[in-house]
Amino acid sequence: MGSLCRSQEMIKLRLFVEKSVAHETMVELAELGVFQLNDLNEEKSTFQRTFAADVRLCDEMQRRLRFLEEQVDFQLEEQRLEDTITVEALQSLQLEELARYLCDLEGNVTEMNSHWGALKAEERKVAEHAILLQAGAKFFEDAPKVSLSEYGTTIMSPDPEHRSINIPRSSAKNDEETTSLLGVSKTGRDGMEESILGYYAGFISFENIHPFERILFRVSRGNAYLRLVSLDEISSVNIRFEKMENEWGRKRVFIVFFPGVALGTKILKICEAFSVSLYNLPEGEVERYRLLQSLEQEFNDLQTVIASTQSQREEAFREIALQLSLWKEKVRREKTIFHALNLLNYDTSNNVYIADGWCPLDEYGNLQDCLSRAQKRAHAQSPTVVEVIKYPKDTPPTFYKLNKFTIVFQNVVESYGVPCYQELNPAPFTIVTFPFLFAIMFGDIGHGMLMTLVAAILIFKEKQLGGRKLNELVQTCFDGRYMILLMGLFSVYTGFIYNECFGVSLNLFQTRWKFTDASSLACGVDSCADALSNKPPLDIYPFGFDPVWSRAQNGLSFLNSYKMKLSIIVGVTQMLLGIVLSYFNASFFRSGLDIWYVFVPQLLFMSCTFGYLVLLIFIKWLTNWNAPSCLSDSRCRPPDLKNTLIGLFMTPYKVAEDAKLFPFQGEIQSVLLLIAIVSVPWMLLPKPLILLYRHRKSKIVIGNEEQRPLLDKELSTQTNNHVQGGTHSDMNKKEEESFDFGEVMIHQLIHTIEFVLGAVSNTASYLRLWALSLAHSELSLVFLEKVLYNTISLEHPIAIMIGFLLWAFLTIGVLCLMESLSAFLHALRLHWVEFQNKFYNLQGEGRKFIPMSFSI
Amino acid sequence: MEDIRDLIGFNVDDGYIEALVRGYKSSLLSSVDYVNLTQCETLEDVRMHLNGTEYSVVLQDEPSPLTASIIAEKCSVKLVSDFQYIRSQSTNPLTKFLDYLTYPYMIDNLVLLVTGTLHERDIGELLEKCNTLGSFPAMSTLSIVSTPEELYREILVDTPLAPYFAECVSFDDLTETNIEIIRNILYKAYLEDFYQFCCSLGGTTEKIMCEILQFEADRRIINITLNSLGSKLSREARENLYPSIGSLVPEGTLKLSRAEDVQSVNSVLESYDLFRRLLQYSTDSPGKSLEDSFIEYEVQLSKKTFEQQFHYGVFYGFLKLREQEIRNILWICECISQRHRTGIGNYVTIF
């Protein structure tokens, strides 16, 4: 715990590393992960640094690795195994060799891919051609017949849907009566000289069909005829097509007929523009058949080649896949090293690298061990020299040794701000206060147990879940599992105090009240002899609230009064703790000014106003208002503490007789108020004035040669401060360098106003504990009565089932999830604002310790 | 009144996209970045530096060796994907506004392709040079046309440029001069149309966009005048190319259409405050032409769009600024690869 209160002591080291050992040293340091390097080349941009070329090499290798990974993932269907990477394997790998190897590998893979691509393209071409031929057969079978009429050749479409085209007679050169239109043309792709109609056949991708059709229509002014065949229509097509469609996307076979050569060249251009693949479609059936035969032969040959290539490729890729993660890790590590090396300064005269950085004092020995290890490994002649820089100018980073339990709470604290070096850390207090404040708002045995259960499951499965990547919500819960556990346990505890389990009061120890026929009011079990007098029980309920209160008419106001007072007590206590902690900070940093002119008046102000209120609460609780002596005395009445508090400020010396809690209350109150009032200017004025005085004095001192010894003394106290803690003395130094009284004064004014007003508003803010707790218990009561009890009273099994399900859903969803979230946020706020603003992170200059390390 | 309408209603449809664009804007390179870039020794250094910026996504997987054009190309890929993302998220009238922004690229692409075909260049090669933002259907089939009439009937009729082309259909054939005239006519029609559209949007958009478009029109008028000095273009023909909007209309355009040499153009411009300043600026700073000062003023205008909220000008501003940034990167990269150290500082700092 001690190590958590203040951050680890850090020392600033300067390492002089021989050039040949630099790399090894960085490897060892990163492995150890306790050294934070400072940037000694801040003025240089990334590419001007010494190892920019190496970083670039790593970048390039990472790019190659990404490329290979992509290829491997694409090629191999089986999941790659995440193999474990050993340090030995990493060390035996040489970066330069790896770089060369990766370069070759990339070349090979690219070559392999292009070869593969060519093969596949060939396969596609052959397959498409074959399919086209089969589809072509269909074209010609369905071809319209031509009849010659006076007006020209009419193509009679066999299918009435197809529009018929009129071709002027002059263009028709044949004289046969009727003939197959397509039969006339002696075509191929080139031979259109003798025909009326030329045609092209090919494949077009599905999404291009419409634009293609449109532009054909425009260019030919409606004279080109496009016929599309969806491949489903070609029943004779063999199965290869299925495969093709998967690989190359949906395509259609088309054939376009057109008159004239000029239009033909245009259409050819259009086809090119749409990157359509055109194929030769002979018109004669025999030719088609022969071509198809040869294509099929070719296709089969190709298949064998493809299969063998495929297996070769898979082999190659599997080999790559085996080592890929090792390579990736290696390159990542090397990149870390080079980035670290880029932070070093090179001393040309001595051929050494100079590294500057922070290390926790505890780890100093380990660090030296690792340096000598590195030196041994690299066979260096001279050892690495470590120099401890005694009085560093910059503030050390903040570093805590955390475990899986404390880290959650530290994170909660640091979300507000990173603590300054060696500043008092609120985290150890938070470990207890946070779940407790949460539990005050969430007090319910049942809900608390559910929450504990969830946390327990998460903790139980810690090892299983730890390494995995979880969904964001689960991850948040998992990270905060120990906090949730504590919150749940504390909620069970407060639940016992409130005596609530899912909204039901438990009668664990037998209620000490009973109702009699004699009176509408209850009386204590053991003092019910005279039922009419309604005496309270002599022996009270041992722990928590008597269950009778949950049914009593004044139960709610009783609970409210209790919870309100509890909130004030908890709040004022926590704020006083905050103020006391500010004393420990001030005394640690040897700042007498802050003790006497900030801490003392703050403490006095707080305890004289709200501390007094807490005192009153306790006195009121401890007084037996039912004692016979009190009952007989008309002045002995429980006073309204709100009025007493208001009276403290309005008329402190005058307390009404029946509102007095103790003798001389008026006089004591007057004194308290006086102290509180005095402490306001006490907080405000002395600190800035003393600072001003010191500043003036130091100026005079510097101006006067004879008073040199005094200056030395001052310097020595300053350096003393340095050793103790950099932050504060740094602040002082800065102030001394440029002291602006106005600014300091305004700063102090703001602080004072904030504290004085804050004392009121923060105390009021703690009342949220009561409000949330009230809301929680009322909600659970409402769900219980309106949903569960009402449906049970219907006495219908289905209704009860539905009612129970609804109630369970509401309990889990609204009470356990939403309410817990809101209680969590309120507890968070109370810690960040009300508690921490009393002492924590007032300078806001903390920075975290980020050691150079291989771990992500 | 319209401002209030913007205030209340703008975010309903366009708030998210405006936020996106403001986010994109904050990723523009700063002057520090530019200073670092100019210090680079090789293009690999440039990549290393750009890896720390928004461009890392598009550049990091690019195999070495790099060339200046590859870098610029990859940077525009980023611009295009950003723009298309915005476009796909938008609703009308913003979608229409964004479409309008792409028309100039369409015009440029069209002219590039037609000129290329005229010189019998390979269409695939030309298509690569085209700006993706201005792609239109049937772009690839442009090589089949040989007359303006065919161009209109077969290609443009489907594109949003069709209405702008009406005047050009009457040209006989596609010669280089004609193409240049077609470009100017298209641009003129586009500017006028866009101006009308922005006016119809009203509110802050109208105020900001109209100022920008007027400047754009003025700039075109001046450039047309300067380029046509000493050419065979007649006075009427020249005047015909002038957009009918802008601060130079009508008096300035009338005078400009009569201008015979650079001096007379300058004397016309002297009477306009803005152009006097720009002229002054270009003469004062060595190595800067009037066009450079126009560009810098355009950057100023584009930056200014971000100073107000709830209007569409930011989309225009962002596009222009990103474009300028890519031009800057290209310039710096070219200077580095050609070892032309002296001119490397001639980029336009944006932020």
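What you are looking at is a predicted structure, and each value in this text was computed from that prediction instead of being measured. (Residues numbered from 1 in each chain as written. Chains lettered and ligands numbered in written order. Predicted model: local features only at pLDDT ≥ 70, side-chain atom pairs only at ≥ 80, totals over all residues. Heavy atoms only, no water.)

**Notes on the overall build of chain B**
Step number 1: A count of helical and extended segments in chain B gives 16 helices and zero strands.
Step number 2: In terms of C-alpha radius of gyration, chain B reaches 21 Å, essentially the compact-globule figure of 20 Å for 351 residues.
Step number 3: Expressed along its principal axes, the backbone C-alpha trace of chain B runs to roughly 55 × 55 × 45 Å.
Step number 4: Considering chain B as a whole, with its 351 residues, one finds that 54% of them fall into the buried category.
Step number 5: Within chain B, residue pairs in contact and separated by at least 24 positions form 63% of the contacts whose partners lie at least 6 positions apart.
Step number 6: Accessible area of chain B: about 15,600 Å², with a carbon and sulfur share of 52%.
Step number 7: Measuring between centres, the 31 positive side-chain charges of chain B sit 4 Å from its 52 negative side-chain charges. (Helix = DSSP H or I, 4+ residues; strand = E, 2+ residues; numbered from the N terminus. Rg over C-alpha atoms; globule rule 2.2 N^0.38 Å. Buried < 20%, exposed > 50% of the residue type's maximum accessible area, 1.4 Å probe, protein only. Contact = heavy atoms within 4.5 Å. Areas by Shrake-Rupley, 256 points an atom, 1.4 Å probe, with all protein chains shown as cover. Lys, Arg positive; Asp, Glu negative; His and termini not counted. Charge placed at Lys NZ, Arg CZ, Asp CG, Glu CD.)

**Some details on the domain arrangement of chain B**
All names here are of chain B.
Step number 1: One can read the domain layout of chain B as domain 1 (1-89 + 325-351), domain 2 (91-201) and domain 3 (204-311).
Step number 2: A straight line from the C-alpha centre of domain 1 to that of domain 2 covers 26 Å.
Step number 3: Taken together, the contact pairs nine residues of domain 1 with ten residues of domain 2.
Step number 4: Between domain 1 and domain 2, a total of about 880 Å² is buried, with carbon and sulfur atoms accounting for 65% of that surface.
Step number 5: The three residues of domain 1 that bury the most area against domain 2 are V80, F83 and R87, which together make up 56% of that side's buried surface.
Step number 6: For the pair domain 1 and domain 2, the interface holds one salt bridge.
Step number 7: The salt bridge partner of D99 is R87, with a shortest N-O separation of 2.6 Å. (Domains from an automatic or database assignment. Buried area = accessible area lost by both parts, 1.4 Å probe. Salt bridge = Lys/Arg side-chain N within 4 Å of Asp/Glu carboxyl O.)

**Some thoughts on the packing of helix α13 (residues 427-442) of chain A against helix α18 (residues 555-588) of chain A**
Residue and element names in this part refer to chain A.
Step number 1: Contact pair α13 / α18: the axes reach a minimum separation of 12 Å and the direction vectors enclose 165°. Taken as axis vectors, α13 and α18 run roughly antiparallel relative to one another. The two elements α13 and α18 meet at a crossing, and its hand is left-handed. Touching F429, T433, F436, L437 and I440 of α13 are L566, V570, Q574, L577 and L581, all from α18.
Step number 2: Looking at the contact of α13 with α18 residue by residue, the classes come out as eight nonpolar, two polar and no charged. (Axes fitted to C-alpha atoms, helices over the stretch in contact; angles between N-to-C directions. Parallel < 35°, antiparallel > 145°, perpendicular 65-115°, else oblique. Left-handed = near helix turned anticlockwise from the far one by under 90°. Nonpolar A, V, L, I, M, F, W, Y, C, P; charged D, E, K, R; others polar.)

**Quick word on the interface of chain A and chain B**
Step number 1: Opposite the 21 residues of chain A that make contact, chain B presents 25 residues.
Step number 2: In total, chain A and chain B occlude about 2,000 Å² of area from one another, counting both sides; carbon and sulfur atoms represent 51% of this.
Step number 3: Joining chain A to chain B, the criterion identifies six salt bridges.
Step number 4: The shortest N-O distance in the salt bridge between R214 of chain A and D158 of chain B comes to 3.0 Å.
Step number 5: Joining chain A to chain B, the criterion identifies seven residue pairs in polar contact (both at pLDDT 80 or more).
Step number 6: Elements with a minimum of two residues in the side of chain A that touches chain B: α3 (52-75), α7 (209-220) and α9 (261-273) of chain A. (Polar contact = N/O pair within 3.5 Å; in protein donor to acceptor, adjacent residues only side chain to side chain.)

**Observations regarding the UniProt feature "transmembrane region" (unreviewed entry) in chain A**
Residues and elements named next belong to chain A.
Step number 1: Within this structure's numbering, the places UniProt gives as "transmembrane region" (unreviewed entry) are residues 436-460, 481-498, 566-584, 596-619, 671-693 and 796-818.
Step number 2: With 100% helix and 0% strand, residues 566-584 has end C-alpha atoms that lie 27 Å from one another.
Step number 3: As annotated, residues 796-818 comprises 96% helix and 0% strand, and the C-alpha atoms at either end are separated by 31 Å. (UniProt positions renumbered as here; feature names shortened; annotations may be inferred.)

**Some words on the sheet that holds strand β7 (residues 197-205) of chain A**
Residues and elements named next belong to chain A.
Step number 1: Pairing is antiparallel in the open sheet, where four strands are placed in the order β8-β9-β7-β10. Each end of this open sheet is capped by a strand with a single partner; those strands are β8 (225-229) and β10 (277-279). On average, adjacent strands in this sheet sit at an angle of 30° to one another, irrespective of strand direction.
Step number 2: Sheet topology note: the β7/strand β9 (residues 251-259) ladder contains nine bridges and is antiparallel. For Y200, the partnering residue across the bridge sits in β9 and is V256. (Pairing = 2+ DSSP bridges.)

**Quick word on the nonpolar core**
Step number 1: Counting 189 residues, the largest nonpolar core has I71, F97, F194, F275 and F315 of chain B as its most contacted members.
Step number 2: Here this core gets 14 residues from one element, more than from any other, and that element is helix α9 (residues 176-201) of chain B. (Core = buried A, V, L, I, M, F, W, Y, C linked by side-chain atoms within 4.5 Å.)

**With respect to unusual backbone geometry**
Step number 1: At the junction of N92 of chain B and P93 of chain B, the peptide bond is cis and its omega measures out at 0° in the coordinates.
Step number 2: Tracing the backbone shows P93 of chain B in the loop between α5 (68-89) and α6 (94-118).
Step number 3: Backbone torsion omega between V249 of chain B and P250 of chain B reads -5°, so that peptide bond is classified as cis.
Step number 4: Within the element layout of this structure, P250 of chain B appears in the loop between α11 (235-241) and α12 (251-258).
Step number 5: Its identity is not glycine, yet Q510 of chain A carries a phi of approximately 65°, on the positive side.
Step number 6: Checked against the element boundaries, Q510 of chain A lands in the loop between α17 (481-498) and β14 (513-515).

**With respect to helix α12 (residues 406-414) of chain A**
Step number 1: Extensive coverage of α12 of chain A is indicated by the burial of seven of its nine residues.
Step number 2: Those residues of α12 of chain A not exposed but buried are T406, V408, F409, Q410, V412, V413 and E414 of chain A.

**Let's talk about the domain arrangement of chain A**
Residue and element names in this part refer to chain A.
Step number 1: As assigned here, chain A comprises domain 1 (1-38 + 344-423) and domain 2 (424-512 + 541-623 + 661-697 + 741-838).
Step number 2: On a C-alpha basis, the centroid separation for the pair domain 1 and domain 2 is 40 Å.
Step number 3: Each partner contributes residues to the interface: domain 1 has 18 residues there, and domain 2 has 22 residues.
Step number 4: Interface area, domain 1 with domain 2, both sides summed: about 2,000 Å², of which 72% is carbon and sulfur.
Step number 5: The three residues of domain 1 that bury the most area against domain 2 are R6, F409 and Y416, which together make up 31% of that side's buried surface.
Step number 6: Applying the counting criterion to the domain 1 and domain 2 interface returns one salt bridge.
Step number 7: Ionic pairing is found between K404 and E462, a salt bridge with its closest N-O pair at 2.7 Å.
Step number 8: Put simply, the parts of the chain that give the side of domain 1 that touches domain 2 at least two residues each are α1 (2-5) and α12.
Step number 9: Counting residues per element, the side of domain 1 that touches domain 2 draws most heavily on α12, which supplies six residues.

**Examining the pattern of salt bridges**
Side-chain pairs of opposite charge can arise whenever the charged atoms involved come near each other.
Step number 1: The full count for this structure, using the stated rule, is 55 salt bridges over all chains.
Step number 2: One salt bridge in this structure joins R333 of chain A and E31 of chain A, with 3.6 Å as the shortest N-O distance. Here E31 of chain A lies in helix α2 (residues 22-32) and R333 of chain A lies in helix α10 (residues 285-341), a separation of 302 residues in the sequence.
Step number 3: For the salt bridge of E291 of chain B with R219 of chain B, the shortest nitrogen-to-oxygen distance reads 3.0 Å. Separated by 72 residues along the polypeptide, E291 of chain B in helix α15 (residues 290-305) and R219 of chain B in helix α10 (residues 203-228) bring together distant segments of the chain.
Step number 4: Judged by relative accessible area, which is 12%, R219 of chain B ranks as buried.
Step number 5: It is possible to trace a salt-bridge network through shared partners that takes in E60, R63, R64 and E106 of chain A together with E44 and R47 of chain B.

**A look at the state of the cysteines**
Residue and element names in this part refer to chain B.
Step number 1: With the rule as written, the count across this model stands at one disulfide over all chains.
Step number 2: We note that C75 lacks a disulfide partner, and the nearest cysteine sulfur, in C333, lies 7.4 Å from it.
Step number 3: For C75, a relative accessible area of 0% translates into the label buried. (Disulfide = S-S within 2.5 Å.)

**A word on the packing of aromatic side chains**
Step number 1: Enumeration according to the criterion identifies 55 aromatic pairs over all chains in this entry.
Step number 2: An angle of 55° between the planes, with centres 6.2 Å apart, marks the rings of Y493 of chain A and F543 of chain A as tilted. Within this pair, whereas Y493 of chain A is found in helix α17, its partner F543 of chain A is found in the loop between β15 (522-524) and α18, the two being separated by 50 residues in sequence.
Step number 3: Three or more aromatic residues joined by ring pairs form one cluster here, namely F10, F97, Y100, Y103, Y164, Y187, Y190, F194, F197, F310, Y312 and F315 of chain B.
Step number 4: The cationic tip of R481 of chain A hangs over the ring face of F478 of chain A; the distance from NZ or CZ to the ring centre is 4.2 Å. (Phe/Tyr/Trp six-rings, centres within 6.5 Å; stacked < 30°, edge-to-face > 60°. Lys NZ or Arg CZ within 6 Å of the ring centre and 35° of its normal.)

**Some details on the confidence of the model for chain A**
Residues and elements named next belong to chain A.
Step number 1: Averaged over every residue, the pLDDT of chain A is 81; residues scoring 70 or more account for 85%.
Step number 2: Between residues 147-194, whose pLDDT stays under 50, and residues either more than four places distant or in other chains, the model counts 92 contacts.
Step number 3: Note that pLDDT drops below 50 for residues 705-736; the model gives that stretch 36 contacts with residues more than four away or on any other chain. (pLDDT = per-residue confidence, 0-100.)

**Description of the side chain of H776 of chain A**
Step number 1: Checked against the element boundaries, H776 of chain A lands in helix α27 (residues 768-794).
Step number 2: Excluding its chain neighbours within four sequence positions, the residues that come into contact with H776 of chain A are M441, F442, G443, D444, H447, L815 and E819 of chain A.

**Digging into the pairing of strand β12 (residues 352-360) of chain A**
All names here are of chain A.
Step number 1: The buried count for β12 comes to nine of nine residues, which makes it a mostly enclosed element.
Step number 2: Burial along β12 is two-sided: the face carrying V352, I354, D356, W358 and P360 and the face carrying Y353, A355, G357 and C359 are both buried.
Step number 3: Pairing of strand β1 (residues 10-18) with β12, which is carried by nine bridges, proceeds in the antiparallel orientation. Each bridged residue has a counterpart across the sheet, and for V17 the counterpart in β12 is Y353.
Step number 4: Linkage of strand β11 (residues 345-347) to β12, two consecutive antiparallel strands, is achieved through a turn of four residues, within which N351 is found at a positive phi near 55°.

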